[in-house]
Amino acid sequence: MKDLKCGLKECKYNKGYSCCSKSINISAGTDCTTYSPDETKRRVQFEAASDFIPANYSVDTAVGCAARCIYNLDGTCRAGGITVMSRGNGGAACLTFVRE
């Protein structure tokens, strides 16, 4: 999946709001279990600094999914694209989730 948007600026796989991991996994509770905070991004003094990183849309990320979602086909996400955002408790959640 090349259209994988990530709103977690501090994730080490986030490059210009685009996920650059080779694969991610979404749990049954819709959490992105691949989310991994990068301490160097957390220490950036200017909040907008990561906004100026060019997006990398060339990575074709495999998305494994355990959620009961209409896009889940045998443990693989078949959506055209997904968006991952902060859950508020330090975790990351798939916002594209639609209950089957």
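A. The overall build of the protein, seen in detail. Across its full length, the protein holds one helix and nine strands. Moving toward the C terminus, one meets the helices and strands of the protein in the order β-β-β-β-α-β-β-β-β-β. Here the protein, with 100 residues, has 36% of them falling under the buried criterion. Long-range contacts, defined here as pairs at least 24 residues apart, represent 68% of the contacts in the protein between residues at least 6 apart. Summed over all atoms, the accessible surface of the protein reaches about 6,000 Å², with 52% contributed by carbon and sulfur.

B. Quick look at the environment of Ala92. Looking at the element boundaries, Ala92 is found in strand β9 (residues 92–94). According to the relative accessible area criterion, Ala92 is buried, its value standing at 2%. Through-space distance from the C-alpha of Ala92 to that of Cys11 is 9.6 Å; in sequence the pair is 81 residues apart. Beyond its immediate stretch of four places on either side in the chain, Ala92 contacts Leu8, Thr30, Asp31, Cys32, Tyr35, Val84, Met85 and Arg87.

C. Layout of the environment of Asp74. Here Asp74 lies in the loop between β6 (72–73) and β7 (76–77). For the pair Asp74 and Gly64, spaced 10 residues apart in sequence, the C-alpha separation works out to 9.1 Å.

D. Examining the side chain of Ser21 more closely. Turning to its location among the elements, Ser21 is positioned in the loop between β3 (18–19) and β4 (23–26). A polar contact of 2.6 Å, which involves the side chain of Ser21, links it to the backbone oxygen of Ser23. Those residues within four positions of Ser21 in sequence are excluded, and the remaining contacts are Tyr13, Thr34, Val59 and Thr61.

E. Representation of the nonpolar core in the model. Residues Ile24, Val63 and Ile82 are the most contacted members of the largest nonpolar core, which totals 20 residues. Secondary-structure elements contributing two or more residues to this core are β1 (4–6), β4, β5 (62–65), β8 (82–86) and β9. In this view, Ile24 contacts Leu4, Cys19, Cys32, Thr34, Thr61, Ala62, Val63, Gly64 and Ile82; residues no more than four positions away in its chain are not counted.

F. Highlighting unusual backbone geometry. A positive phi is found at Thr30, a non-glycine position, where the angle reads about 70 degrees. Position of Thr30 relative to the elements: it lies in the loop between β4 and α1 (39–42). Of note in this structure, Asp74 is not a glycine but carries a positive phi near 55 degrees.

G. Here's a closer look at the state of the cysteines. Taken as a whole and judged by the stated rule, the model has zero disulfides. Not engaged in a disulfide, the cysteine Cys69 finds its nearest cysteine sulfur in Cys65; these two sulfurs lie 5.7 Å apart. When its relative accessible area of 5% is taken as the criterion, Cys69 is described as buried.

Each value, and the rule that gives it
- Residues numbered from 1 in each chain as written.
- Predicted model: local features only at pLDDT ≥ 70, side-chain atom pairs only at ≥ 80, totals over all residues.
- Heavy atoms only, no water.
- Helix = DSSP H or I, 4+ residues; strand = E, 2+ residues; numbered from the N terminus.
- Buried < 20%, exposed > 50% of the residue type's maximum accessible area, 1.4 Å probe, protein only.
- Contact = heavy atoms within 4.5 Å.
- Areas by Shrake-Rupley, 256 points an atom, 1.4 Å probe, with all protein chains shown as cover.
- Polar contact = N/O pair within 3.5 Å; in protein donor to acceptor, adjacent residues only side chain to side chain.
- Core = buried A, V, L, I, M, F, W, Y, C linked by side-chain atoms within 4.5 Å.
- Disulfide = S-S within 2.5 Å.

Scope: geometric values only; no functional claims are made or implied.
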